[in-house]
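A look at the structure
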Amino acid sequence: MRESGILLPVSSLPSRYGIGCFSKSAYEFVDQLVQAEQRCWQILPLGQTSYGDSPYQSFSTFAGNPYFISLEALVEEGVLTQEECDAADFGDDPRTVDYAKIYENRYPLLRKAYERSSIAQNPDFIRFQQENAYWLDDYALFMAVKKFFGDASWDKWPEDIRKHYGFAMDYYREKLYFDIEFYKYMQFKFMEQWMSLKSYANQKGIRIIGDIPIYVAFDSADTWAHPQLFQLDENNLPTAIAGCPPDGFAADGQVWGNPLYRWDYHRQTGYGWWMSRLAYCFRLYDVVRIDHFRGFDEYYSIPYGETTARNGHWEKGPGIELFNTMKRRLGDMEVIAEDLGYVTDSVRQLVKDSGFPGMKVLEFAFDSRDTGSASDYLPHNYTYNSVVYTGTHDNETLRGWYQSISDEERAMVRRYLHDDHTPDEELNWEIIYLVMSSVSRMCIIPMQDYFGYGNEARMNRPSTLGSNWKWRMLPGELTDELLARIEDVTALYGRKAWHKKDA
């Protein structure tokens with residue numbers, strides 16, 4: 001089956017209160033996807049963001065982002081008032097997310113909602129705690145203790161709680177009881193609202209494509225609660241961290257800073273933690289894109305404390321064994337392998353053995369510096385078992401990319417399109433037609449590329465801080481006219497879906 005979808009982070013949805021969330025606008029976007037005959041909505045990770053606001057660096061691999069809880073829904077419940085929400089300062093630019101103001105002003109509102117909720121007597125909340133205790137208890141305690149110590153990273157906490165001494169755990173559970181319950185309440189509301197939205201989308205025939213980062217953050221409940229899973233020393237500090245080696249794009253490589261896995265321990269435990277993590281993801285999403293798939297074949301190890309990736313080296317990952325375990329334990333789940341970047345023969349073999357579709361990003365196809373792998377991304381070389389994108393959240397927008405590449409590369413694009421007359425500002429549509437017409441079974445287009453926006457709408461610039469993850473769609477910006485054009489190109493290339501439009 002050929003299909004298509006749109007990439008739009010939840011944070012980029014229009015909303016009244018500073019950031020996209022599970023409010024009415026999310027349901028309206030699902031209806032617009034149906035109107036445009038799409039089958040998929042791809043989002044970025046839903047995890048609780050930490051410093052830098054990146055959804056790929058979260059305080060927990062399980063916990064959801066409280067920013068996405070709809071304040072309007074809490075008003076309807078009667079635990080907040082319209083006046084309280086309207087009085088909060090979430091920034092005055094509907095085009096961008098002001099994370100500092102949201103951090104300062106959203107949590108106090110959510111705390112008021114919790115205190116007015118009588119949540120402890122709610123049988124659904126009690127059941128939620130029981131069903132999710134394997135991660136929720138550690139997460140809520142972690143966040144409450146973190147707040148108690150002025151948001152300090154857990155490696156700066158006193159030794160007794162940093163190393164999980166039993167008496168310290170009991171002490172903080174009692175001392176911070178209501179703070180802990182507050183964090184559990186937010187996760188309960190997050191899950192309640194998200195599953196309602198996902199159910200609505202599924203009933204309309206829309207599948208949700210989620211995203212799972214391969215690594216977890218060091219300053220996270222996962223690393224604090226389960227140090228045995230990671231390459232840490234006797235003081236629970238990393239011995240090596242993740243990143244990628246120097247290349248033509250980054251002379252010093254990239255230092256991500258995430259702790260690396262002790263794959264020998266995971267293998268001995270039947271990949272139990274990974275199975276819990278993946279099973280949880282398949283509750284949240286219909287399809288899971290696994291970030292940095294290459295790391296399961298080989299991962300780049302950088303000595304802890306290094307400021308560049310120059311002294312790193314490659315180590316072997318778990319390979320196909322992890323995914324065979326997943327299929328045996330969880331069944332045949334739908335996965336997209338993020339196999340971008342420098343791909344070795346062994347990575348290609350791993351993707352092939354897994355049966356998962358890999359990714360094709362058209363912007364990579366015309367890089368005059370990288371003739372070796374660029375041809376992999378030219379549409380005439382695609383295979384059916386692949387997912388094609390014009391670009392991802394890490395790329396420039398199509399328009400921004402075309403403006404930034406060299407004259408030689410622009411000539412390559414024009415020659416490949418056999419098009420020397422379309423104005424530059426409209427070329428995004430010619431490229432969309434190209435990838436839609438490809439043999440790839442799934443085609444995902446970022447919302448910004450349908451709009452034809454430049455790099456002012458770019459979502460992320462890797463290895464930079466301060467300006468990322470902020471772009472938002474404005475109310476009414478996705479017009480019926482644009483939806484009709486999206487439907488037309490979708491139908492033209494046999495990707496049109498049947499939907500329960502009246503469901």
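My aim in this report is to walk through the structure given alongside it, one point at a time.

How each quantity is defined
- Residues numbered from 1 in each chain as written.
- Predicted model: local features only at pLDDT ≥ 70, side-chain atom pairs only at ≥ 80, totals over all residues.
- Heavy atoms only, no water.
- Core = buried A, V, L, I, M, F, W, Y, C linked by side-chain atoms within 4.5 Å.
- Buried < 20%, exposed > 50% of the residue type's maximum accessible area, 1.4 Å probe, protein only.
- Helix = DSSP H or I, 4+ residues; strand = E, 2+ residues; numbered from the N terminus.
- Patch = residues over 30% accessible without salt bridge, like charges linked within 9 Å, V, L, I, M, F, W, Y side chains within 5 Å.
- Areas by Shrake-Rupley, 256 points an atom, 1.4 Å probe, with all protein chains shown as cover.
- Salt bridge = Lys/Arg side-chain N within 4 Å of Asp/Glu carboxyl O.
- Lys, Arg positive; Asp, Glu negative; His and termini not counted.
- Polar contact = N/O pair within 3.5 Å; in protein donor to acceptor, adjacent residues only side chain to side chain.
- Contact = heavy atoms within 4.5 Å.

As for the nonpolar core
Most often, soluble globular proteins have nonpolar side chains that are buried together. Judged by nonpolar contacts, the single largest core of 159 residues is most densely connected at Phe29, Trp41, Trp194, Trp274, Phe296 and Met447. Per element, the largest residue contribution to this core is eleven residues, and it comes from helix H9 (residues 177–203).

Details of unusual backbone geometry
Positive phi values are uncommon outside glycine, yet Ser118 reaches one of about 50°. Within the chain, His418 stands out as a residue other than glycine whose phi angle is a positive 55°. Within the fold, His418 resides in the loop between helix H17 (407–417) and helix H18 (427–436).

Comments concerning a nonpolar patch on the surface
A cluster of nonpolar residues, Met1, Tyr384 and Val439, forms a patch on the protein surface that exposes about 310 Å² of accessible area. By the secondary structure assignment, Tyr384 is in the loop between helix H15 (371–374) and strand S11 (386–389).

Structural notes on the side chain of Glu338
Structurally, the position occupied by Glu338 is in the loop between strand S9 (335–337) and helix H14 (345–354). For the buried Glu338, no salt bridge exists, and the shortest N-O distance to an oppositely charged side chain is 4.2 Å, to Arg289. Of the polar contacts made by the side chain of Glu338, one reaches the backbone nitrogen of Leu340; its length is 3.0 Å. Those residues in contact with Glu338, other than ones at most four positions away along the chain, are Arg289, Ile290, Asp291, His292, Phe293, Arg294 and Met359.

Purely geometric stuff here, so don't read any function into it on its own.
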